[in-house]
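Notes for the structure review
Here is how the chains run, residue by residue.
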Amino acid sequence: MTVEIISSIVMSVLMILIGLQLSVFLLYFERKGSALIQDRVGANRAGITGLGKKLGLPNLGIINTLVFDPIKMFTKEDFVPDGADKFLHTLAPFLALFPVMITFVVIPFGDTISIGGHEIQLQAANLNAAVLYLLATIGIGVYGVALAGWSSNNRWSLLGGIRATAQMISYELAMGLALIAVITTYGTLDLQEIVRGQGGVYFGWLPRWGLFTQPLAFIIFMTAGVAESKRVPFDLPESESELILGYFTEYSGGKQAVFMLTDFAEQALVAMLVTTFFLGGWQVPWLYRDGFHLPGGAFIVMPALAVSIAGILAFLIKVLALCVFLGLVRWTLPRFRYDQLMRLGWKVLVPLGLINLLVTAFLVVAAGSAS
Amino acid sequence: MAIWLFVFLAVISIVSALGVVIQRNPVHCLLALVLTLLALAVMFIALDATVVGFLQIIVYAGAIMVLFLFVIWLLNLQAETGPTGGLALKFFGTIATAALVAELWMFLLRPHLKIKYVGEAAGYGSLSVLAQKLFTDYLVAFEATSILLLAAIVGAVALARRPPTQRESAPGSLS
């Protein structure tokens, strides 16, 4: 019992730290990766001792983006505009960040691992209704941006807040429909069970990932996820050419940094969710508990601990790859117009999600009655 | 549910429910209502009614309250200053409140309400049990409700539709 409680606490902290680390990676990728994509030099200043230069290493601007930028942000004046609702203006960034952070804890990042005779679940909170939990926390996340926009006493902010709220509610629907199709396929609301259900292969070689069983749901969920995290091409709430910065126009210093962190954390969360539902979570293709069963009949034995660690690494690699992919999308596509955004959400994604759900339900029932 | 958890959640829900009626700024009232709903949802979850608890958060706290927020913004409601309502309103308000309190008091004192919580079979609040009940015992009520909701959706779409002439006059409009 105590081992379970301790491991659960450790896992929660670990999971939130992974989320924060991914956010830091995304912050760096935002600076340097975008420069790479747009053929610029990007952040390259402010090494501390010049040591790297003496050794002939290129200055990647790691220290100024990851150390000095945050220090600068958190030591800036914390400005609250005249006539703003002071209490809500201060509360809003944290209301935005909190739901994202608590969502990380339900994501399984590995199968069980046995240490010292204890079977430990590599998941901080094993809820049997985890899918509902994530929909609930994502739904609560709307308040942060909505109230940030309203409490700033600024029309750009309010417009940004309203846009963000309408967008998030619209795309939540598509997201939910895609998830229902996945739930119907795997027959459970438990994320760990959904990942376990993605083990094994079809036709002797194709992994049973959600990507292959639910390709349409994958596209819908990915699109809705990007829209939900308010990134380009769906960054209408903060479109700087029209709304200055949207709902966080009137934020400065640390609170603005919290909003930026929320954006990055949401992107990391979307990557983790897509990995869990569609890329097989911690599953490595053809790797089972006892080792690799390669297509063609070859078999490589692996110790149990190595299998567990390979699972964790596979999860992290998939999430990182998806983060980079989302970054590529962000720096490649132009922004939608607001009516296009709403049309895509309501007239394309929602009907597609419904059709997908209908077909999935039909196939599941047909498969159930056939067996 | 442990007693300390119940006391904690009860205090939060009562204080925030008071906040809904006492505060003058409608947005603050709305936030207090969200807090009340969240505390109730956690109470449901602590009573093993997990699905009901999460649905309460998704539907009420996540969707309906956001709709309320939109309505507040749309009507541009400001914080009310000064006393609200006339003397007559206060008079009848007091009488109505007293009647409600008396009624609740009498209802709660009735002997058959002093029931001890005995607990249900494990997993009674899980989705599979809920769905089983919903699609067997309560199928007619469930279908009737879904028809009602469908009618409401169709009605909302019909009301929100712009007349065709207006649409033709503004080709490629951004709205």
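Residues numbered from 1 in each chain as written. Chains lettered and ligands numbered in written order. Predicted model: local features only at pLDDT ≥ 70, side-chain atom pairs only at ≥ 80, totals over all residues.

Observations regarding the overall build of chain B
- A count of helices and strands for chain B gives seven helices and zero strands.
- Along the chain direction, N to C, the helices and strands of chain B fall in the order α-α-α-α-α-α-α.
- Counting across all 175 residues of chain B, residues that qualify as buried make up 15%.
- By sequence separation, contacts in chain B at least 24 residues apart represent 52% of the contacts at least 6 residues apart. (Helix = DSSP H or I, 4+ residues; strand = E, 2+ residues; numbered from the N terminus. Buried ≥ 20, exposed ≤ 12 C-beta atoms within 10 Å, placed from the backbone. Contact = placed C-beta atoms within 7 Å.)

Points about the overall build of chain A
- Of regular secondary structure, chain A possesses 14 helices and seven strands.
- The globule rule puts the C-alpha radius of gyration for 371 residues at 21 Å, and the 22 Å found for chain A is close to it.
- Summarising its shape, the C-alpha atoms of chain A cover approximately 65 × 55 × 50 Å along the three principal directions.
- Across the 371 residues in chain A, those meeting the buried criterion constitute 45%. (Rg over C-alpha atoms; globule rule 2.2 N^0.38 Å.)

Quick word on the sheet that holds strand β7 (residues 299-301) of chain A
Residues and elements named next belong to chain A.
- Strand order in the open sheet made by the three strands is β5-β6-β7, with antiparallel pairing throughout. Strands at the two margins of the open sheet, each flanked by one partner only, are β5 (287-288) and β7.
- When β5 meets strand β6 (residues 291-293), the two strands line up antiparallel, connected through two bridges. When the sheet's bridge partners are listed, Leu287 is paired in β6 with Phe292. (Pairing = 2+ DSSP bridges.)

Looking at helix α6 (residues 142-151) of chain A
- Where burial is concerned, most of α6(A) is hidden: 10 out of the 10 residues are buried.
- Of the residues making up α6(A), those classed as buried are Val142(A), Tyr143(A), Gly144(A), Val145(A), Ala146(A), Leu147(A), Ala148(A), Gly149(A), Trp150(A) and Ser151(A).
- Contacts made by the buried residues of α6(A) are with α4 (86-103), α5 (130-140) and α7 (155-186) of chain A together with α2 (26-46) and α3 (50-74) of chain B.
- One or two steps after α6(A), the chain reaches Asn153(A), where phi turns positive at roughly 55°.

Here's the deal with the environment of Cys323(A)
Residue and element names in this part refer to chain A.
- Looking at where Cys323 falls in the secondary structure, it is placed in helix α13 (residues 304-332).
- Its 22 C-beta neighbours within 10 Å are what place Cys323 among the buried residues.
- Note: C-alpha distance between Cys323 and Met272 (51 residues apart in sequence) is 8.9 Å.
- If we skip the residues at most four places from it in the chain, Cys323 touches Leu22, Phe25, Leu26, Gln267, Ala268 and Ala271.

Describing the domain arrangement of chain B
Residue and element names in this part refer to chain B.
- By the assigned domains, chain B splits into domain 1 (7-78) and domain 2 (122-162).
- The centre of domain 1, based on its C-alpha atoms, is set 23 Å off from the matching centre of domain 2.
- Listed as interface residues are five residues of domain 1 and, on the opposing side, five residues of domain 2.
- Class assignment for the residues of the side of domain 1 that touches domain 2 results in three nonpolar, one polar and one charged. (Domains from an automatic or database assignment. Nonpolar A, V, L, I, M, F, W, Y, C, P; charged D, E, K, R; others polar.)

Observations regarding the interface of chain B and chain A
- If you look at the interface, chain B gives 15 residues, while chain A gives 16 residues.
- A class-by-class count of the residues in the side of chain B that touches chain A yields 12 nonpolar, three polar and no charged.

Quick look at the packing of α7(A) against helix α14 (residues 338-370) of chain A
Residues and elements named next belong to chain A.
- Between α7 and α14, the least distance of the axes is 8 Å, while the angle of their chain directions is 15°. Between α7 and α14, the angle falls in the class roughly parallel. Where α7 crosses over α14, the handedness of that crossing is left-handed.
- Across the contact of α7 with α14, the residue classes break down as 17 nonpolar, eight polar and one charged. (Axes fitted to C-alpha atoms, helices over the stretch in contact; angles between N-to-C directions. Parallel < 35°, antiparallel > 145°, perpendicular 65-115°, else oblique. Left-handed = near helix turned anticlockwise from the far one by under 90°.)

Details of the packing of α5(A) against α3(B)
- Running from N to C, α5(A) and α3(B) cross one another at 20°; their axes reach a closest spacing of 9 Å. By the angle class used here, α5(A) and α3(B) are roughly parallel. Crossing handedness for the pair α5(A) and α3(B): left-handed. In this structure, α5(A) uses Leu132(A), Tyr133(A), Leu135(A), Ala136(A), Gly139(A) and Ile140(A) to contact α3(B), whose residues at the interface are Val51(B), Phe54(B), Ile57(B), Ile58(B), Ala61(B), Gly62(B) and Ala63(B).
- Of the residues contributing to the contact of α5(A) with α3(B), the split by class is 11 nonpolar, two polar and no charged.

Looking at unusual backbone geometry
All names here are of chain A.
- Unlike most non-glycine residues, Asp39 shows phi in positive territory, near 60°.
- Locating Asp39 in the fold gives a position in the loop between α1 (2-37) and α2 (51-54).
- Positioned with a positive phi, Asn153 is a non-glycine residue whose angle comes to about 55°.
- Structurally, Asn153 can be placed in the loop between α6 and α7.

Details of the confidence of the model for chain A
- Mean pLDDT for chain A: 82, with 95% of residues reaching 70 or above.
- Mean pLDDT across the elements of chain A bottoms out in α2(A) (65) and peaks in helix α10 (residues 215-228) of chain A (89). (pLDDT = per-residue confidence, 0-100.)

A closer look at α14(A)
Residues and elements named next belong to chain A.
- Helix length check: α14, at 33 residues, gives a terminal C-alpha distance of 46 Å against a target of 48 Å (1.5 Å per residue), a fit within 8%.
- Along α14, the sharpest change in direction is near 30° and occurs at Leu344.
- Taken as a whole, α14 has its buried residues at Leu341, Leu344, Gly345, Leu349, Gly353, Asn356, Leu357 and Thr360.
- Looking at the packing, one finds that the buried side of α14 touches α7 and α10. (Expected span 1.5 Å × (residues − 1). Bend = angle between axes of the 7 residues up to and from the residue.)

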